[in-house]
Amino acid sequence: MTYQEVLENAKKNLAPACRVCKECNGVACRGEVPGAGGKGTGAAFIRNVEKLKEITVNMDVLYENKGQDSTVSFWGREFAAPVFAAPIGGMEHNYTPALDEAAWTKSVVDGCADAGVLAFTGDGVKDPLMDLPLQWIKERGGLGVPTIKPWGVDKVMEKLEKAKASGAVAMAMDVDSAGLPFLAAQGGDAGPKSVEAMTKIIREAGVPFLIKGVMTVESAEKALKAGAWGIVVSNHGGRVLDHTPATCEVLPVIREAVGDRMKVFVDGGVRSGVDVFKMLALGADAVLIGRPVVTAAYGGKAEGVKLYMEQIIAQLRDTMKMTGCATLADITPAKINRP
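Residues numbered from 1 in each chain as written. Predicted model: local features only at pLDDT ≥ 70, side-chain atom pairs only at ≥ 80, totals over all residues. Heavy atoms only, no water.

Enquirer: Just give me the short version of the overall build of the protein chain, but keep the residues and values in it.
Expert: Within the protein chain, the secondary structure is distributed over 12 helices and 12 strands. On the principal axes, the C-alpha backbone points of the protein chain span a range of 60 × 45 × 40 Å. Put simply, the protein chain has 339 residues, and 55% of those count as buried. Intrachain contacts of the protein chain at a sequence separation of at least 6 include 73% that bridge at least 24 residues. Total accessible area computed for the protein chain in this model is approximately 13,500 Å², and 53% of it derives from carbon and sulfur atoms. Each charge class in the protein chain can be summarised by its mean position, and for the 39 positive and 40 negative side chains these summaries are 2 Å apart. (Helix = DSSP H or I, 4+ residues; strand = E, 2+ residues; numbered from the N terminus. Buried < 20%, exposed > 50% of the residue type's maximum accessible area, 1.4 Å probe, protein only. Contact = heavy atoms within 4.5 Å. Areas by Shrake-Rupley, 256 points an atom, 1.4 Å probe, with all protein chains shown as cover. Lys, Arg positive; Asp, Glu negative; His and termini not counted. Charge placed at Lys NZ, Arg CZ, Asp CG, Glu CD.)

And the structure:
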């Protein structure tokens, strides 16, 4: 299977929920939540993509080429590149039944693992939305990061126990999903979390824990105070609040503020290995990709996800080659230009 075939299959399998646009930029699907779009005017989703495109890359090929090493180590594991699948669930509400929840989660967990990376997996009101990913993570020897919604503390504790049983290398909570309206409509009790609540949750998890949905220095400092191993700079793909800054706009100041005290991951508008390079140059330790992974899974299941991730990793290495970067440590702010 070629990636072009993956895209052609995806157009059939995702219609009419997603148009599989030539550029996944949020314009055609603005306001389509549930669905693939951004909330309200869709401005936050669109801005994620547009502001990342404004950053340019400095070419430099006058150097002794010793190859490009994109590998990275987290949680005692080595990965082909710092590129992971973002946590997504609830396919029945946002996409089409061409992939049910079991097929979706197995596709993304297996496809990422086969490409030498891993998937952050999702959660939802219904138990299978988290239980199914945990099953595949366990089968893969803990290769995944289950991401729990910000439910009430008792429900979170129950889900933490399930996540522990999977042997997952790390855990996360997407606190930004407190703004998803359909969670409340389905009877969920997701909401903002205090530093005290997060401290208790992180302590109970017992493994490296990331808080996803950090968009300010103040929030990053709160995550540090709660004991988070890392954060994900994310506006939930523009799906929870209209008119937020792009993640690439706030990433550098957050990185500068927290320094080396915690890991800083990021998502939002990443569509190529060049985009991954830009985010790393802005200060990210790793990058998460969401909607394009859905397209890859609907177009080719695990094979489609593997092809997509391998393509992104190859593009990252090519960008490293053309900018004089032998290792990830060489990807510094000097390698890019910001408007």
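Enquirer: A description of the packing of helix α1 (residues 3–14) against helix α12 (residues 291–322) should follow, citing residues and the corresponding values.
Expert: The geometry of α1 relative to α12 is characterised by a closest axis approach of 9 Å and an angle of 160° between their N-to-C directions. In terms of axis orientation, α1 runs roughly antiparallel to α12. The element α1 and its partner α12 pack so that their crossing is left-handed. Together, Tyr3, Val6, Leu7, Asn9, Ala10, Asn13 and Leu14 of α1 and Pro292, Val294, Thr295, Ala296, Tyr298, Gly299, Gly300, Gly304, Leu307, Tyr308 and Gln311 of α12 make up the contact between the two elements. Taken together, the residues that form the contact of α1 with α12 break down as 11 nonpolar, seven polar and no charged. (Axes fitted to C-alpha atoms, helices over the stretch in contact; angles between N-to-C directions. Parallel < 35°, antiparallel > 145°, perpendicular 65-115°, else oblique. Left-handed = near helix turned anticlockwise from the far one by under 90°. Nonpolar A, V, L, I, M, F, W, Y, C, P; charged D, E, K, R; others polar.)

Enquirer: Report on the packing of aromatic side chains, specifying residues and quantitative values.
Expert: Applying the stated criterion across every chain yields a total of 15 aromatic pairs. A ring pair is formed by phenylalanine 84 and phenylalanine 265, whose centres lie 6.2 Å apart and whose planes are at 40°; its orientation type is tilted. Of this pair, phenylalanine 84 sits in strand β4 (residues 83–85) while phenylalanine 265 sits in strand β10 (residues 263–266), and the two are 181 residues apart along the sequence. Taking 6.0 Å as the distance between ring centres and 90° as the angle between the ring planes, the aromatic pair formed by tryptophan 229 and phenylalanine 265 counts as edge-to-face. Of the two residues, tryptophan 229 is situated in the loop between α9 (217–226) and β9 (230–233) and phenylalanine 265 in strand β10; the sequence distance between them amounts to 36 residues. Assessed through its relative accessible area of 0%, phenylalanine 265 is described here as buried. Every member of this aromatic cluster is reached through a ring pair, and the members are Phe74, Trp75, Phe79, Phe84, Phe120, Trp229 and Phe265. Sitting over the face of the ring of tryptophan 151, lysine 155 holds its NZ or CZ atom 3.9 Å from the ring centroid. Just above the ring of phenylalanine 45 sits the side chain of arginine 291; from NZ or CZ to the centre is 3.6 Å. (Phe/Tyr/Trp six-rings, centres within 6.5 Å; stacked < 30°, edge-to-face > 60°. Lys NZ or Arg CZ within 6 Å of the ring centre and 35° of its normal.)

Enquirer: Which residues make up a nonpolar patch on the surface, and what are the values?
Expert: Taken together, the side chains of Met59, Val61 and Met322 define a hydrophobic patch exposed on the protein surface, amounting to about 290 Å² of accessible area. Tracing the backbone through its elements, the reader meets valine 61 in the loop between β1 (56–57) and β2 (72–74). (Patch = residues over 30% accessible without salt bridge, like charges linked within 9 Å, V, L, I, M, F, W, Y side chains within 5 Å. Salt bridge = Lys/Arg side-chain N within 4 Å of Asp/Glu carboxyl O.)

Enquirer: Which residues make up unusual backbone geometry, and what are the values?
Expert: For the peptide bond that leads from alanine 15 to proline 16, omega is 0°, which places it in the cis range. Tracing the chain through its elements places proline 16 in the loop between α1 and α2 (43–53). At the junction of valine 33 and proline 34, the peptide bond is cis and its omega measures out at 0° in the coordinates. Tracing the backbone shows proline 34 in the loop between α1 and α2. At valine 20, a position not held by glycine, the phi torsion is positive, near 50°. Tracing the chain through its elements places valine 20 in the loop between α1 and α2. Overall, valine 20 belongs to the buried group, its relative accessible area being 9%. A positive phi angle, close to 55°, is found at tryptophan 75, a residue other than glycine.

Enquirer: Could you give me a rundown of the environment of leucine 62, with the residues and numbers involved?
Expert: With respect to the secondary-structure elements, leucine 62 resides in the loop between β1 and β2. By relative accessible area, which is 80% here, leucine 62 ends up exposed. Separated by 262 residues in the primary sequence, leucine 62 and glycine 324 have C-alpha atoms spaced 7.6 Å apart.

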